Amino acid sequence: MRFLKVLFWLLLGGLFAAFVIYNGDERVSIQLWGGLIADFSLPLLLILVFLAGFLPSLIAYQTLRWRMRARFAGLERALADLRAVSQPTGPVFEPLPADGPQAPPLISVPQS
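Residues numbered from 1 in each chain as written. Predicted model: local features only at pLDDT ≥ 70, side-chain atom pairs only at ≥ 80, totals over all residues. Heavy atoms only, no water.

1. Some points on the pairing of strand 2 (residues 37–41)
Operational definition: By definition, two strands form a pair when at least two bridges between them are found by DSSP. Working definition: helices are DSSP H or I runs of at least four residues, strands are E runs of at least two. Numbering for both runs from the N terminus.
The sheet contact formed by strand 1 (residues 27–31) and strand 2 spans five bridges and is antiparallel. Bridge pairing links Gln31 to Ile37 in strand 2. Between strand 1 and strand 2, which pair antiparallel in sequence order, lie five residues; one of them, Gly34, sits at a positive phi of approximately 70°.

What follows is the structure, encoded as structure tokens:
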């Protein structure tokens, strides 16, 4: 599985590098307020737009993951405490004596 993960990231990095090499000299003009014009490199602009959309969702995901781990840890501690309290100190069932009464058979067979 690790090999596939590394292969995926290498392919993604290769595609990204090919895009930057192929479009590195492309310039994009963005009209801002007041007649201002911003001149960006196309790969830089796409990276900024990707990060602007990806980082908020990544932060929200990591926050949710941290909260769930904290919640699970609290529940596991509570469960361990309940198990420790409900542990009996001695044997629950005492063994029957060896020469005691025998249990009747489960199925009675008529004798002829």
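2. Comments concerning the packing of aromatic side chains
We apply this condition: Within 6.5 Å between ring centres, the rings of Phe, Tyr and Trp (the latter by its six-membered ring) count as paired, and their orientation is classed by plane angle as stacked under 30 degrees, edge-to-face over 60, tilted in between. Partly exposed residues are those whose accessible area sits between 20% and 50% of the maximum for their type, while under 20% is buried and over 50% is exposed, using a 1.4 Å probe and protein chains only.
Evaluation of the coordinates by the stated rule reveals two aromatic pairs. For the pair Phe8 and Trp9, a centre-to-centre distance of 5.3 Å together with 70° between the ring planes defines the contact as edge-to-face. Given the relative accessible area of 46%, Phe8 is considered partly exposed. Relative to Phe54, the ring of Phe50 has its centre 5.3 Å away and its plane inclined at 10°; by these criteria the two rings are stacked. Of this pair, Phe50 and Phe54 are both found in helix 2 (residues 42–85), four residues apart, which corresponds to roughly one turn of the helix. In this structure Phe50 comes out as exposed when scored by relative accessible area, which is 52%.

3. Concerning the packing of helix 1 (residues 2–23) against helix 2
The geometry of a pair of packed helices is captured by two quantities: the angle between their axes and the separation between those axes. The cut-off we apply is this: Angular values range over 0 to 180 degrees, each being the angle between N-to-C directions of two axes fitted as lines to C-alpha atoms, with helices fitted over their stretch in contact. An angle below 35 degrees is read as roughly parallel, one above 145 as roughly antiparallel, one from 65 to 115 as roughly perpendicular, and any other as oblique. Here a residue-residue contact requires only that any non-hydrogen atoms of the pair lie within 4.5 Å. In this classification, Asp, Glu, Lys and Arg are treated as charged, Ala, Val, Leu, Ile, Met, Phe, Trp, Tyr, Cys and Pro as nonpolar, and every other residue, Gly included, as polar.
Running from N to C, helix 1 and helix 2 cross one another at 140°; their axes reach a closest spacing of 8 Å. Considering the angle they form, helix 1 stands oblique to helix 2. Taking contact as the criterion, the partners of Phe16, Phe19, Val20 and Asn23 in helix 1 are, on helix 2, Leu42, Pro43, Leu46 and Ile47. Residues of the contact of helix 1 with helix 2, tallied by class, amount to seven nonpolar, one polar and no charged.

4. Some remarks on helix 2
Let me state the cut-off plainly: The span you would expect from a helix comes to 1.5 Å times its residue count less one. Given a residue, its bend is the angle between the two axes fitted to the seven residues that end at it and to the seven that start from it.
For helix 2, spanning 44 residues, the distance from its first C-alpha to its last is 64 Å, which sits close to the expected 64 Å at 1.5 Å a residue. Maximum bend of helix 2: about 30°, positioned at Phe54, with proline Pro56 one to four residues after it.

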